[in-house]
Amino acid sequence: MSPEVGSFVFAEERHALITALLADRGRITVPELAERFGITPETVRRDLDSLEKARLLRRVHGGAVASDRVSMSESSLDERQGKHSDKKSRIAQAALAMLPRTKAVSVVLDSGTTTERLADLLVDWEPTSPSDQLLVITNAIPIAYKLSAHPDMQVTITGGHIRGLTRAIVGDSTREQFEALRPDIAFIGTNGVHETFGLSTPDPVEAITKSSMVRSARRVVVLVDSSKLGKEALVRFASLHEVDTIVTDEAPTGELASAIAAAGVEVVVA
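Residues numbered from 1 in each chain as written. Predicted model: local features only at pLDDT ≥ 70, side-chain atom pairs only at ≥ 80, totals over all residues. Heavy atoms only, no water.

**Q** Tell me about the overall build of the protein, and please be specific about residues and values.
**A** Scanning the protein for helices and strands turns up 10 helices and 15 strands. Along the longest, intermediate and shortest principal axes, the C-alpha atoms of the protein span 85 × 35 × 30 Å. With 270 residues in all, the protein has 48% of them scored as buried. Considering only intrachain contacts with a sequence separation of at least 6, the fraction spanning at least 24 residues in the protein is 67%. If you sum the accessible surface of the protein, you get close to 13300 Å²; carbon and sulfur atoms cover 52% of it. Distance between charge centres in the protein, computed from 31 positive and 37 negative side chains, equals 2 Å. (Helix = DSSP H or I, 4+ residues; strand = E, 2+ residues; numbered from the N terminus. Buried < 20%, exposed > 50% of the residue type's maximum accessible area, 1.4 Å probe, protein only. Contact = heavy atoms within 4.5 Å. Areas by Shrake-Rupley, 256 points an atom, 1.4 Å probe, with all protein chains shown as cover. Lys, Arg positive; Asp, Glu negative; His and termini not counted. Charge placed at Lys NZ, Arg CZ, Asp CG, Glu CD.)

Here it is in structure tokens:
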């Protein structure tokens, strides 16, 4: 076997290992790959360039991240419906138990697949006494539709621009409406929870809407499955200090766990 062929085979195997590492860890650095494979940093950078051209990763400062961690990457609502289904159901069930036990309750439900699971549970909500009131305010068309026929619930949907990818209503009008409200509790979805970047989403306009929800509510509860822990999307809409509770399916670890504790955020593992 000639040196050229041998080098090609080794590079191909190395690329497969790099891709596998990214799938497992989400991020890798040039120095650790150089040490792991006994090659120069320049060779690592060439490997990463090749893998990026093949759309198998995204280069970042000092290394690379998995393609699914690209900050503007976002699936449609339909594509996300079936992912992590059991986890989302458990999270929604835990969130349901957090509804305030008062006669009159106002709730904000953000758009998203996990908040929609909570809406599915609210379909069966019944007042404890005839005078009980539950007001649900949402910018999510699917959530408003599911709850609109409930005989004992008031449902308000905000006005604004419909974002087709998420079926969320967003824009200045939506923001202004939330800024004029003071609901008891807001259940918020997010594309990422990061120790330094906080809560984030890929779309700038949707981020503005989420920020207005967070600022409006007396209590902010984030519903997020563990696949999004430690992730960053393009636009931050809230810091950890603006959150009261995170409901997820696995306890955060490492730097994220420390940052959550330092911010005084309650973690509920469903």
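**Q** Please provide a residue-by-residue account of the packing of aromatic side chains, values included.
**A** The geometry of an aromatic ring pair is captured by the separation of the ring centres together with the interplanar angle, meaning the angle of the planes. All told, the structure shown has 0 aromatic pairs when counted by the stated rule. Sitting above the plane of the F237 ring, K210 keeps its charged end 5.5 Å from the centroid. (Phe/Tyr/Trp six-rings, centres within 6.5 Å; stacked < 30°, edge-to-face > 60°. Lys NZ or Arg CZ within 6 Å of the ring centre and 35° of its normal.)

**Q** Account for helix α6 (residues 113-122), with residues named and values stated.
**A** Burial of α6 is extensive: 8 of the 10 residues sit out of reach of the surface. Within α6, burial applies to T113, T114, T115, E116, R117, L118, A119 and L122.

**Q** Could you give an account of the sheet that holds strand β12 (residues 220-223), with specific residues and numbers?
**A** Taken in spatial order, the 7 strands of this open sheet run β6-β5-β4-β9-β12-β14-β15, and their pairing is parallel. Every other strand in the sheet has two partners, leaving β6 (154-157) and β15 (266-269) as the edge strands with one partner each. When strand polarity is set aside, the average angle formed by the axes of neighbouring strands in this sheet is 20°. Two strands pair when backbone bridges link them, and strand β9 (residues 185-189) and β12 are joined in this way by 4 bridges, in the parallel orientation. The partner of F187 across the bridge, within β12, is V221. Across the face of the sheet, helix α9 (residues 204-216) comes into contact with β4 (104-109), β9 and β12 while running at roughly 150° to β9. (Pairing = 2+ DSSP bridges. Axes fitted to C-alpha atoms, helices over the stretch in contact; angles between N-to-C directions.)

**Q** Would you mind going over the pattern of salt bridges in detail, with residue names and values included?
**A** Inspection of every chain in the model, using the stated rule, returns 16 salt bridges. Note that D47 is salt-bridged to R14, the shortest N-O span being 2.5 Å. Highlighted residues: D47 in helix α3 (residues 41-53) and R14 in helix α1 (residues 3-25), separated in sequence by 33 residues. Note on accessibility: D47 and R14 belong to one class, buried. Within the structure, one salt-bridge network assembled from shared partners comprises D172, R175, E176, E179 and R215. (Salt bridge = Lys/Arg side-chain N within 4 Å of Asp/Glu carboxyl O.)

**Q** Pulling in residues and values, what's your account of the side chain of T138?
**A** Relative to the helices and strands, T138 resides in strand β5 (residues 133-138). In this structure T138 comes out as buried when scored by relative accessible area, which is 0%. Not counting residues within four places of it along the chain, the set of residues in contact with T138 comprises L109, I143, A144, T156, I157 and T158.

**Q** Quick one: what's the story with the nonpolar core, residue by residue and with numbers?
**A** Ranked by size, the top nonpolar core spans 26 residues in total, and within it I188, V193, L199, F237, L240 and I246 carry the most contacts. Contributing elements (two or more residues each) for this core: β9, α9, β12, β13 (235-238) and α10 (254-262). For L199, the contacting residues outside a window of four places in its chain are T190, G192, V193, V222, V235, R236, F237, A238, L240 and V243. With 25 residues, the next largest nonpolar core counts I91, A92, V136 and L147 among its residues. (Core = buried A, V, L, I, M, F, W, Y, C linked by side-chain atoms within 4.5 Å.)

**Q** Quick one: what's the story with the sheet that holds strand β10 (residues 192-194), residue by residue and with numbers?
**A** Pairing within the open sheet is antiparallel, and its 3 strands lie in the order β10-β11-β13. The two strands at the open ends of the sheet, each matched to only one other strand, are β10 and β13. In this sheet, neighbouring strand axes are inclined to one another by 40° on average, regardless of whether the strands run parallel or antiparallel. As paired elements, strand β11 (residues 198-201) and β13 share 3 bridges and run antiparallel to each other. Paired with T201 across the strands is V235, a residue of β13. In this fold α9 packs onto β11 and β13, with an angle of close to 10° to the strand it touches most, β13.

**Q** Which residues make up unusual backbone geometry, and what values go with them?
**A** For R55, which is not glycine, the phi dihedral falls at a positive 65°. By relative accessible area, R55 is classed as exposed at 74%. Positioned with a positive phi, R167 is a non-glycine residue whose angle comes to about 55°. For R167, the location among the structural elements is in the loop between β7 (161-163) and β8 (168-170). R167 gets classed as partly exposed once you look at its relative accessible area, which sits at 32%.

Such coordinate-based values are descriptive only and should not be taken to indicate function.
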